[in-house]
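Chain and residue survey
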Amino acid sequence: MMKLPNFLVAGFEKCGTTSVYNYLNQHPQIFMSPVKEPNFLERDWENFAQTKESRIDTIEKYQNLFVNVTDDHLAVGEISPNLLFHYQSSIPRIQQYVPNAKIIVILRDPVQRAYSDYLMQIRDEISSNTPTLTDQIKYSATKSYTLTKGLYYTPVKSFLEAFGSNNFKVCLYDDLVKNSTTFIQDIYKYLDVDSDFVPDMSKKSQVAQVPRSRSINQLLKTSNPVRNIIASALRIIMPLELRQKIRSTLVNLNSQGKNAQPLSEAEIYALSQYYDDDVLKLQNLIQRDLTNWTSMKK
């Protein structure tokens, strides 16, 4: 009989899900989808006009992710950080395909989450004209995914109502940073696997960086005539693996720590005020002290 997940990590982006995936994947009693973010349960892909070969957009493709599950795997799971954000479409799909799955979400101070998301957009050249977080608050707060992904209350409340508190666990990124071992062992316990297991945590995931030169970063990361000419020439004389290594080296040489582009005190305060009402409602909902996430910090 084909197995499907009995647990999901459903949110959020920039909240430590890459590290958590690695820690879960190391546990001998846990099977993790080899595709880190399959996103199949996120929305009704079957009715999308455009299809992509790489997209997990059918139940058959989704099932194939778990063909190697064995009887030794007591917990079978996957991580799709946007499930919580797209709660209106994901909840009915979860109820349809994996109705008994335990659901885990990881929440981070929304100001820091937005800041990390913003840095990622700049690093990956997602837009050639990414507005500052201050401008996003002033002019397009309701349209900015960077900001609205930090409004946790309604998605969390919707998931709680749909699946109940026994099958829905809220974790805080603060706890992951404070003590990663305790954090992940608490999740192991929730999943009914050996909670004494200690994963290798020496490898750090996705350290935030920003480019030294935006122009060089655009040249290296976006499709453009100069890059295409160079790539075509190198393709003749150099194997793919070496080309990728050279490009990665150049990207790293043009990168610097996020401290080179810090949030100002004014930006932190403005973002905190933007999230205040949502954080206070969330605090009451999950019964955790989130005062340090607000503009009324202790």
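Just above, that's the structure.
Summarised in this report is the structure supplied together with it. (Residues numbered from 1 in each chain as written. Predicted model: local features only at pLDDT ≥ 70, side-chain atom pairs only at ≥ 80, totals over all residues. Heavy atoms only, no water.)

Topic: the overall build of the protein chain
When you go through the protein chain residue by residue, the secondary structure sums to 13 helices and seven strands. Each of the 298 residues in the protein chain was classed as buried or not, and the buried ones make up 45%. When contacts within the protein chain are restricted to residue pairs at least 6 apart in sequence, those whose partners lie at least 24 apart make up 75%. A total accessible area of about 16,000 Å² is found for the protein chain, and carbon and sulfur atoms account for 50% of it. (Helix = DSSP H or I, 4+ residues; strand = E, 2+ residues; numbered from the N terminus. Buried < 20%, exposed > 50% of the residue type's maximum accessible area, 1.4 Å probe, protein only. Contact = heavy atoms within 4.5 Å. Areas by Shrake-Rupley, 256 points an atom, 1.4 Å probe, with all protein chains shown as cover.)

Here we look at the nonpolar core
The tendency in soluble globular proteins is for nonpolar side chains to be buried side by side. In terms of nonpolar packing, the biggest core is built from 70 residues, with Leu 24, Leu 107 and Leu 191 touching the most fellow members. Not counting residues within four places of it along the chain, the set of residues in contact with Leu 24 comprises Phe 7, Val 9, Ile 30, Met 32, Ile 79, Ile 184, Ile 187, Tyr 188 and Leu 191. (Core = buried A, V, L, I, M, F, W, Y, C linked by side-chain atoms within 4.5 Å.)

Brief notes about the sheet that holds strand β5 (residues 168-172)
Read from one edge to the other, the open sheet built from five strands follows the order β2-β3-β1-β4-β5, with strand pairing classed as parallel. The open sheet has two edge strands, β2 (30-32) and β5, and neither has a second partner. Averaged over neighbouring strand pairs, the angle between their axes works out to 25 degrees when direction is ignored. Sheet analysis places strand β1 (residues 7-11) next to strand β3 (residues 75-79), joined by three bridges and oriented parallel. (Pairing = 2+ DSSP bridges. Axes fitted to C-alpha atoms, helices over the stretch in contact; angles between N-to-C directions.)

Quick notes on the pairing of β3
Of all five residues that make up β3, five are buried, and the element is covered over most of its length. Here β2 pairs with β3 via three bridges, running parallel. Within β3, the position partnered with Met 32 by the bridge is Gly 77.

Comments concerning helix α1 (residues 17-26)
Counting buried positions over the ten residues of α1 gives seven, a clear majority of the element. Those residues of α1 that fall on the buried side of the exposure criterion are Thr 17, Thr 18, Ser 19, Val 20, Tyr 21, Tyr 23 and Leu 24. Close packing links the buried residues of α1 with β1, β2, β3, β4 (102-107), α8 (173-178) and α9 (180-190).

Structural notes on the packing of helix α7 (residues 153-163) against helix α13 (residues 265-286)
Contact geometry for α7 and α13: axes closest at 9 Å, N-to-C directions at 25 degrees. Classed by the angle they form, the pair α7 and α13 counts as roughly parallel. Of the two possible hands of crossing, α7 and α13 adopt the one that is left-handed. Counting all contacts with α7, which are made through Tyr 153, Val 156, Lys 157 and Leu 160, the residues of α13 involved are Asp 278, Lys 281, Leu 282, Leu 285 and Ile 286. Broken down by class, the residue content of the contact of α7 with α13 amounts to six nonpolar, no polar and three charged. (Parallel < 35°, antiparallel > 145°, perpendicular 65-115°, else oblique. Left-handed = near helix turned anticlockwise from the far one by under 90°. Nonpolar A, V, L, I, M, F, W, Y, C, P; charged D, E, K, R; others polar.)

A closer look at the packing of aromatic side chains
Tallied over the entire structure, the rule returns eleven aromatic pairs. For the ring pair Phe 12 and Tyr 152, a centre distance of 5.0 Å and an interplane angle of 40 degrees mean the geometry is tilted. Placement of the pair is Phe 12 in the loop between β1 and α1 and Tyr 152 in the loop between α6 (145-148) and α7, with a sequence separation of 140 residues. No difference in accessibility class separates Phe 12 from Tyr 152, as the two residues are buried. Members of the aromatic cluster, connected to one another through ring pairs, are Phe 31, Phe 40, Tyr 62, Phe 66 and Tyr 97. The ring of Phe 40 is capped by Arg 93, whose NZ or CZ atom sits 4.5 Å from the centre of that ring. (Phe/Tyr/Trp six-rings, centres within 6.5 Å; stacked < 30°, edge-to-face > 60°. Lys NZ or Arg CZ within 6 Å of the ring centre and 35° of its normal.)

Comments concerning the pattern of salt bridges
On inspection of all chains with the given rule, the structure shows twelve salt bridges. Among the charged side chains, a salt-bridge network with shared partners connects Asp 44, Glu 46 and Arg 93. (Salt bridge = Lys/Arg side-chain N within 4 Å of Asp/Glu carboxyl O.)

Section: the side chain of Ser 116
Structurally, the position occupied by Ser 116 is in helix α4 (residues 110-123). In this view, Ser 116 contacts Lys 14 and Arg 108; residues no more than four positions away in its chain are not counted.

Things to note about the environment of Val 170
Looking at where Val 170 falls in the secondary structure, it is placed in strand β5. Placed 67 residues apart in sequence, Val 170 and Ile 103 show a C-alpha to C-alpha distance of 8.6 Å. When neighbours within four sequence positions are excluded, Val 170 is seen to be in contact with Val 105, Leu 107, Val 156 and Ile 286.

Quick look at α13
Within α13, the axis deviates most sharply at Asp 276, by approximately 50 degrees. Along α13, the residues classified as buried are Glu 267, Leu 271, Ser 272, Tyr 275, Asp 276, Asp 278, Val 279, Leu 282, Gln 283 and Ile 286. (Bend = angle between axes of the 7 residues up to and from the residue.)

Points about the packing of helix α3 (residues 87-97) against α7
At a minimum axis separation of 10 Å, α3 and α7 run at an interaxial angle of 20 degrees. Relative to α7, the element α3 is oriented roughly parallel. In this structure, α3 crosses over α7, and the sense of that crossing is right-handed. Residues Tyr 87, Ser 90, Ile 91, Ile 94 and Gln 95 of α3 pack against Thr 154, Pro 155, Ser 158, Phe 159, Ala 162 and Phe 163 of α7.

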